[in-house]
Structures are given as C-alpha cells and as structure tokens.
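# Survey of secondary and tertiary structure
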Amino acid sequence: MISLDLIESTANELMRKAAVEIPCDYLTALQQLTAEEEASLSCFVLETMLENYEAAETDGRPMCGDTGCPRWYVKFGNESRVEGGGVGLEAALRRATAQATHDIPLRPNRVHPLSRADHNNNVGIGAPEIEYGFEPDGEWIDITTVHKGGLFGTDYRMLFPSDGIAGIRRFFLDSLAAFGKRGLACQPAIIGIGLGGSKDACMVLGKRAACLRTVGDQNPDPKIAELEEELKELGNSIGMGPMGFVGKSMVVDCHIEVGYCHTGGMQMSIHAFCLSSRRATARLYPDGRTEYRTDPQWFTPYQRRETVEWLNSP
Amino acid sequence: MAKQSLRKIRLSTNPTEDELRALKLGDVVYLHGSVYTAREGVYIRVVEDKHPLPLELPKESAANFHCSPAASINDDGSINMGAVTATASFRFSKWLDDWFKVSGAKLILGKGGMTSNDYRRDFVPNGAIYLTTVGYGTGALLGRGVQRVRDVYWSDDLGLAQAIWLIDVEEFGPFIVESDFEGNSLFERENARVAETLTRAYEGTRPAVLKRFGETDDRTDELI
C-alpha cells in the first residue's frame, strides 16, 4: 500500500523540481544548439536562456514566470495499491498543486473560461488534469507532473491518406511558421506529433509525445523514427530561430506517436514543449521509498501494444 | 562572440524623449526604477469601464509590463515573488491608444511585440516604444532584477494574475528593443529575412486535401 502522505509530499517536490530545474536532456541539447547557432540575435537569446536556467537553480525560483498549467500523469504498476484509492490520490494531487502554487510560488494561471474567476491556486473545474496509465507487474506508481504553457504552438488538422507524408510536412511547416514568428511558441521546442486515433486521442498522443519523451529518444518503429528525424531537420532548415529571429535553432527534437484511426483518415496534431520544458517524475514504492528522475518513461512496449492480448505477460 | 555584437543600454523606467530616440532595433536594455503590470483585466477596467487608476501614473512609472508574475500573498499580507515573465502583447493593441492617454506610459514591455501598424498608429503619436523580453522567458533573470514589490492593486477584483503589481527594479532585463521611435519593428525585419528560406522549405509539400476557412498560403503573413 502506498501512503497518501508519501504521494502528497512527493507531488509537492515534483511541482518544485518541474518549475525550477530544466531537465538534463533538454539542457544538453540546448547547449549543443547554442554552440552551433551562428546568427547574433539568436545566439544572444540562447545564451541568455542558458544563464536563466542557472539563475533558476541557484536561486530556487521558477525558470519562467509563466509557470504553465500543472497537470499529472499517474502510472500504476499492476500490483500497486494506493491508500484511499483513486479518490484519495486525486485529492492528494489537487492539494499538492494548490500548496506548491503558493509556496514556490507559481503563477496562478487557471481561471474559469467565462467568468475568469481565479482561485489563485491552479485548481478548479478539470484542473489540474490527471491522466492514468497501467503497466504489467510492479507494486510501484509513477507520478509525473508537466507544466506546459497553454496558449501557442498547438494545432490539429484532419488529414487524409491522400495527403500523405507531403501533407504531414506541410502542416508541420504551417504550424512552425504560424507560431514560430515572434517566438510565440517559445522555441526551440520539443515538437510532439500525434498521428491517427480520433480527434481527442490524436491531441492526447501528440501532447504526450512532446511532454513525456526525452530529447534523443526515438520511436521504436524505424519508419516513424525516420520521419521524426526528417521533420526535425526540416524544422531547423526554415531559417528561423528563437523568437522568430534569423537562425537555425527551431526544433530541439521531434517525437511522433501514432494510434489506429478510421480507415479514411490520418488525423494530425502538433504540440510545442517550450524553452521551459517542465517535467519531473518520481516512482513511489509501498515501503516509502521515492526515486526522482526526469524521464517519465511513459511510452513502453505495453503502451504501444498492437495485439488483443499482451503477449509478453508472465 | 554573439553578445559583444549587441549594444547594451541602461535605461530609466521614466525615460526622456532623447533616450528613447537613441534606441536602435536589436539593442539590449536593462531597466532601473519601477515597473507595473497591466494587461487585459486592467485595460478593460480602466479604458472600457472608466475606473480611475489606483496609482499615480506616469509619476510612479512610465513602464507597463504585460506580465502576470509567479507570486503569492501570505496571510499576513507579505508577498513572495519568484519569477516574472511577459505574456504575448499582440492581444492588447486595441486598448493601447486610450491606455497611453490615461497612463502616460513610454515603455511597453512584453512578449512578441505588436505590428508596425500598431506602432505607427498608437506608439509613435504617444512617444512610446516597445521592449520585448528574451527567450521566452527569462523568468529567473527578471526575478533577480526585482528589488521589492511596492504594492499590488485590484488583486481581490481581478485575481493575482491580472492585478496591478508595482515593483522596484534594478538591472532588470534583458530586454530587446523591438520598436524604435519611428515605429519600425525588429520582428518584422527578421520575418522578411526568414521569408525566402521558409518558402524553400515548403518545396515538395502540398496544401491539405480538405481546406479550412480563412486560411492563407502567403508565407509572409503573420496571423496576429
């Protein structure tokens, strides 16, 4: 049994880590891009961002003042049990969101869409989002928080098989051009792409591709991995860098996730995880141990399974 | 090597006309003095609903920051402010001419700027320029430039994110000069330079089979 106290205190710490510490995979990639960038304005922006990460860690303050919209991904090892069940878990995550928003502090971004009422704690109807996954075996649970910005860099389009790869390239470029100008997408970004599913599933896949995979990770399907690499190179060849200035640093990495879709369609969604790619994960065990990491390890063979039965089951 | 090629300037948050006139697109600016946050919540209240300002502007500050800080107010009234980052400004242009008249602002600080049409129509006649934050966003670096929070107004009515925060700053930056005294835009200059490479990248693609209303295929268009 995993205790609620452990869940709440770990969730509090995850909120802080996500807001303050840039994940090492993103940092290393940005250092590389900075070394390769040649345009002076783009260089200045990248160098300033690297200074900003240092300032955030040294001072213990959020790297960006727009601290995004906190959300949670919870994955259960199949043998795990949680004190208080799902209701207890959700209450603990909502409490941690409100507490950390005050204590760090984070920006209270969440408001009612019409009345604009703000509880000043990032909690409200449907906020924070909590999504679930399961994994065979294991008595642990993995808790990941992602604080993604919420305004620019995301789009969806119903494509069709006749649009083909050329249509995917086109929508990819359209989105970079639309949101890259003036740097609205806060690039260089990890671009996540969802292909297939239904409209809602496609958005979920693309967002998870952007937020739950690390820089350098490749899709295990070699054809998809090839497309990831091709789109990354394409994105970095449009002549645009950070803030939309002349440059070549646009895409830190490109991740694609697919889901089976209607036979007539090829849904596509695109998501940009920004210069403050805030994610933090912990694995919690029933004996009270907690292991922190920056790789959510969300997309496992089980999550991407294609068959009726889970063939690797024990 | 890149950094040395950009001019670095220290500027007051109540700058003189000569100081503003001397700024060039792409200059890097660090501010000292006081800045206040105001965005759509404040603009609607002041410009549309004609509420009087709760502080004396531009005497307190002529620098309007499009920002909601990452801040919280404790039960005893004390304030924690960690990071500050701008929000995208193009959404606020419709209120700005009236806002300049009411507030006397000379510096608009934000994310991403506005169009040169906005600058020529609203900024130039009011002697104001636009400074963009960098990144985005350098919330921790800007947070270091905050000396103290002098006051917060309308937080009960508008919430912490839309309230007016008046903050004293020193070595507050960096910002980049996005619009000059003539109303030119750095972003538009860069867009024009990117346009040709962007067009080349589109080679070998084709428009989607199913169109959408209101689309443009003009790569030089901005959608703001």
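Residues numbered from 1 in each chain as written. Chains lettered and ligands numbered in written order. Predicted model: local features only at pLDDT ≥ 70, side-chain atom pairs only at ≥ 80, totals over all residues. Heavy atoms only, no water.

## Description of the overall build of chain A
A tally of regular secondary structure across chain A gives seven helices and nine strands. For chain A, the C-alpha atoms occupy an extent of roughly 50 × 50 × 40 Å along the three principal directions. The burial tally for chain A puts 59% of its 314 residues in the buried class. Pairs at least 24 apart in sequence give 80% of the contacts found in chain A among residues at least 6 apart. (Helix = DSSP H or I, 4+ residues; strand = E, 2+ residues; numbered from the N terminus. Buried < 20%, exposed > 50% of the residue type's maximum accessible area, 1.4 Å probe, protein only. Contact = heavy atoms within 4.5 Å.)

## A short note on the domain arrangement of chain A
Residue and element names in this part refer to chain A. Split into domains, chain A comes out as domain 1 (4-18 + 63-149 + 279-293) and domain 2 (150-273). On a C-alpha basis, the centroid separation for the pair domain 1 and domain 2 is 26 Å. Counting residues at the interface gives ten residues for domain 1, matched by 15 residues for domain 2. Summing both sides of the interface, domain 1 and domain 2 together bury roughly 980 Å²; the carbon and sulfur share of this comes to 57%. When the buried area of domain 1 at its contact with domain 2 is split by residue, Tyr73, Lys148 and Arg279 rank highest and sum to 61% of it. Joining domain 1 to domain 2, the criterion identifies one salt bridge. In this structure, the salt-bridge partner of Arg208 is Glu131, at a minimum N-O distance of 2.5 Å. For the side of domain 1 that touches domain 2, the elements supplying multiple residues, two or more each, are β1 (69-77), β2 (130-135) and β3 (141-148). (Domains from an automatic or database assignment. Buried area = accessible area lost by both parts, 1.4 Å probe. Salt bridge = Lys/Arg side-chain N within 4 Å of Asp/Glu carboxyl O.)

## Section: the sheet that holds strand β7 (residues 266-273) of chain A
Residues and elements named next belong to chain A. The mixed open sheet is built from four strands, whose spatial order is β4-β7-β5-β6. Each having just a single partner strand, β4 (155-159) and β6 (251-259) make up the two edges of the open sheet. Across the sheet, the mean angle from the axis of one strand to that of its neighbour is 15°, orientation sign disregarded. Relative to β7, strand β5 (residues 189-196) runs antiparallel, the two sharing six bridges. Looking at the pairing, Ile191 lines up with Ala272 of β7. Together, β4, β5, β6 and β7 form the strand contacts of helix α5 (residues 164-180), whose direction differs from that of β7 by roughly 35°. Those strands touched by helix α7 (residues 222-235) are β5 and β6, and its axis lies near 145° from that of β6. (Pairing = 2+ DSSP bridges. Axes fitted to C-alpha atoms, helices over the stretch in contact; angles between N-to-C directions.)

## So, the sheet that holds strand β8 (residues 278-284) of chain A
All names here are of chain A. What the five strands build is an open sheet, ordered β2-β1-β3-β8-β9; its pairing is mixed. This sheet does not close on itself; its edge strands, each paired only once, are β2 and β9 (290-293). Taking each pair of neighbouring strands and ignoring which way they run, the sheet shows an average axis angle of 20°. The sheet contact formed by β1 and β3 spans eight bridges and is antiparallel. Paired with Phe76 across the bridge in β3 is Ile141. Lying over the sheet, helix α4 (residues 85-103) contacts β1, β2 and β3, oriented at roughly 150° with respect to β1.

## Considerations on the pattern of salt bridges
Residue and element names in this part refer to chain A. Taken as a whole and judged by the stated rule, the model has 46 salt bridges over all chains. Taking the shortest distance from any N to any O, the salt bridge between Arg71 and Glu129 comes out at 3.7 Å. Of this pair, Arg71 sits in strand β1 while Glu129 sits in the loop between α4 and β2, and the two are 58 residues apart along the sequence. The class of Arg71 is buried, set by a relative accessible area of 9%.

## Overview of the pairing of strand β9 (residues 164-177) of chain B
Residue and element names in this part refer to chain B. By the criterion of burial, β9 is predominantly enclosed, with twelve of the 14 residues buried. With seven bridges connecting them, strand β2 (residues 28-37) and β9 associate as antiparallel partners. Within β9, the residue paired with Val28 across the bridge is Ile176. Pairing between strand β7 (residues 129-133) and β9: three bridges, direction antiparallel. Bridging across to β9, Leu131 finds its partner in Val177. Two elements, strand β8 (residues 146-153) and β9, share six bridges in a ladder whose sense is antiparallel. Counted as the bridge partner of Tyr153 is Ile164 from β9.

## Thoughts on the interface of chain B and chain A
With 77 residues of chain B at the interface, the matching set in chain A holds 64 residues. Between chain B and chain A lies a buried interface of about 5,600 Å² when both sides are counted; carbon and sulfur atoms form 60% of it. Taking the shortest distance from any N to any O, the salt bridge between Asp59(A) and Arg144(B) comes out at 2.7 Å. The interface formed by chain B and chain A includes 35 residue pairs in polar contact (both at pLDDT 80 or more). Elements with a contribution of two residues or more to the side of chain B that touches chain A: β4 (70-73), β5 (79-83), β7, α5 (139-144), β9 and α7 (186-201) of chain B. Class assignment of the residues belonging to the side of chain B that touches chain A gives a composition of 34 nonpolar, 25 polar and 18 charged. (Polar contact = N/O pair within 3.5 Å; in protein donor to acceptor, adjacent residues only side chain to side chain. Nonpolar A, V, L, I, M, F, W, Y, C, P; charged D, E, K, R; others polar.)

## Some remarks on empty space enclosed by the protein
All names here are of chain A. Scanning all chains against the criterion turns up two cavities of 30 Å³ or more. Taken as a whole, the largest cavity encloses approximately 260 Å³ of empty space. By residue class, the composition of the lining of the largest cavity is twelve nonpolar, six polar and four charged. Residue-level mapping places the lining of the largest cavity at the junction of two domains, with at least three residues from each of domain 1 (4-18 + 63-149 + 279-293) and domain 2 (150-273). (1 Å grid on protein atoms, 1.4 Å probe; cavity = no way out; pocket = protein on both sides within 12 Å on 5 of 7 lines; lining within 4 Å. Points joined across faces, edges and corners; volume = space filled by probe spheres on them.)

## Brief notes about unusual backbone geometry
Cis geometry marks the peptide bond from Leu57(B) to Pro58(B), where omega comes out at 5°. Relative to the elements of secondary structure, Pro58(B) occurs in the loop between α2 (40-48) and β3 (63-65). In this structure, Gly137(B) follows Tyr136(B) across a cis peptide bond, with omega equal to -5°. Secondary-structure assignment places Gly137(B) in the loop between β7 and α5. The phi dihedral of Asn122(A) is positive, around 65°, even though this residue is not glycine. Structurally, the position occupied by Asn122(A) is in the loop between α4 and β2.

## Considering the layout of surface pockets
The computed volume of the largest pocket comes to approximately 1,000 Å³. For the largest pocket, the lining is made up of 40 residues, of which Cys69(A), Asn109(A), Arg110(A), Val111(A) and Arg116(A) are closest to its centre. Residue assignment for the lining of the largest pocket shows that the elements contributing at least two residues are β1 of chain A together with α2 and α6 (155-158) of chain B. By residue class, the composition of the lining of the largest pocket is twelve nonpolar, 15 polar and 13 charged. Counting only domains with at least three residues in the lining of the largest pocket, you end up with domain 1 (4-18 + 63-149 + 279-293) and domain 2 (150-273) of chain A. Estimates place the volume of the second largest pocket at around 550 Å³. Of all the secondary structure elements, the ones that give two or more residues to the lining of the second largest pocket are β4 and α5 of chain A. It is α5(A) that provides the largest number of residues to the lining of the second largest pocket, a total of eight residues. Counted by class, the lining of the second largest pocket contains eleven nonpolar, four polar and 13 charged residues.

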